[in-house]
Amino acid sequence: MKLYDYTMAPNPRRVRVFLAEKGIEIEKVQVDIPAGENLAPAFRAINPRGLLPTLVLDDGTVIDESVAISLYFETLHPDPPLVGTDAKSRAVIASALRHMEFDGLQPVAEVFRNSNPTFANRSISGTEGVPAVPGLVARGRASVARFYTSLNDTLAESEFVAGDTYSIADITAFCTVDFAKWIQMRIGDEHPHVKRWYAAVSSRPSASA
Ligand SMILES: N[C@@H](CCC(=O)N[C@@H](CS)C(=O)NCC(=O)O)C(=O)O
């Protein structure tokens, strides 16, 4: 089994943190995204979408999408549970995870991809060369600001993103907040609950994954 990975990118990191929380070690192969290795024929022969993370099982099955890869390992290694343990907790965590992806990770990526010169002709992840749209940067920044406010409100009510247990939703939120450093949008003094939560999740051993 091999995990195709790029250490600087947020989606592969979501899987690395997930694996670290579970104490799972697997072979990782680095694919340099800024250098375009993920778009080269060798990697596209593995995953035609050209995206990371990509997991290849020993039987040749290829699984991309960070949540799908995480769920694969959750089924094989249920402890510690990171996606919930019963109908209610699974639904609450799945809902919070979608919020973190759509309200946080996606807008940070929108700002990053449309403002970073390396991705001037790669503004959407994947194999099509899509030119950056500078006008999306302001929209993305406004969305990220709303995300921080909403996350702060959530964390005012609960220890973690989806209740009183650390979960896959915290992993995505944590990777999103760290990714937002690349667009100079850090946790502000007006987000004390996010600061408290970030101090806790970033001190877990998995944070260095
Ligand atoms: N929804 C996918 C997103 C995968 C994705 O966009 N990965 C980025 C790295 S964070 C990528 O591979 N980008 C390649 C590129 O932009 O060329 C997931 O959750 O895994």
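About the criteria used
Residues numbered from 1 in each chain as written. Predicted model: local features only at pLDDT ≥ 70, side-chain atom pairs only at ≥ 80, totals over all residues. Heavy atoms only, no water. Domains from an automatic or database assignment. Contact = heavy atoms within 4.5 Å. Buried area = accessible area lost by both parts, 1.4 Å probe. Salt bridge = Lys/Arg side-chain N within 4 Å of Asp/Glu carboxyl O. Helix = DSSP H or I, 4+ residues; strand = E, 2+ residues; numbered from the N terminus. Buried < 20%, exposed > 50% of the residue type's maximum accessible area, 1.4 Å probe, protein only. Phe/Tyr/Trp six-rings, centres within 6.5 Å; stacked < 30°, edge-to-face > 60°. Lys NZ or Arg CZ within 6 Å of the ring centre and 35° of its normal.

## Examining the domain arrangement of the protein chain
You can read the domains of the protein chain as domain 1 (2–76) and domain 2 (87–208). Each of domain 1 and domain 2 has a C-alpha centre, and these two points are 20 Å apart. Every contact between the two is made by 21 residues of domain 1 and, on the other side, 21 residues of domain 2. Both faces considered, domain 1 and domain 2 share a buried interface measuring about 1700 Å² in area, 64% of it formed by carbon and sulfur atoms. The interface formed by domain 1 and domain 2 holds three salt bridges in total. For the salt bridge of Glu 101 with Arg 14, the shortest nitrogen-to-oxygen distance reads 2.7 Å.

## Section: the pattern of salt bridges
The full count for this structure, using the stated rule, is 11 salt bridges. The residue Glu 110 makes a salt bridge to Arg 139 at a minimum N-O spacing of 2.4 Å. Placement of the pair is Glu 110 in helix α4 (residues 87–115) and Arg 139 in helix α5 (residues 135–157), with a sequence separation of 29 residues. Residue classification places Glu 110 among the buried positions, given a relative accessible area of 16%. Note that Lys 181 and Asp 178 form a salt bridge whose closest N and O atoms lie 2.9 Å from each other.

## So, the packing of aromatic side chains
Under the defined criterion, the tally for this structure stands at nine aromatic pairs. Between Phe 112 and Trp 182 the ring centres are 6.1 Å apart and the planes differ by 85 degrees, which places this aromatic pair in the edge-to-face class. Of the two residues, Phe 112 is situated in helix α4 and Trp 182 in the loop between α6 (168–179) and α7 (192–202); the sequence distance between them amounts to 70 residues. Geometrically, the ring pair formed by Phe 160 and Tyr 166 is edge-to-face, given 6.0 Å between the ring centres and 85 degrees between the ring planes. Comparing Phe 160 with Tyr 166, the two get one shared label, buried. Among the aromatic residues, ring-to-ring pairing joins Phe 112, Phe 119, Phe 179 and Trp 182 into one connected group. The residue whose ring lies beneath Arg 113 is Phe 119, and the NZ or CZ to ring-centre distance is 4.3 Å. For Arg 204, the ring lying beneath its charged end belongs to Tyr 166, and the centroid distance is 3.6 Å.

## Focus on the environment of Gly 126
Mapped onto the fold, Gly 126 is located in the loop between α4 and α5. Separated by 74 residues in sequence, Gly 126 and Leu 52 have C-alpha atoms that sit 9.5 Å apart. Leaving out residues up to four positions away in the same chain, Gly 126 has contacts with Leu 39, Arg 49 and Leu 51.

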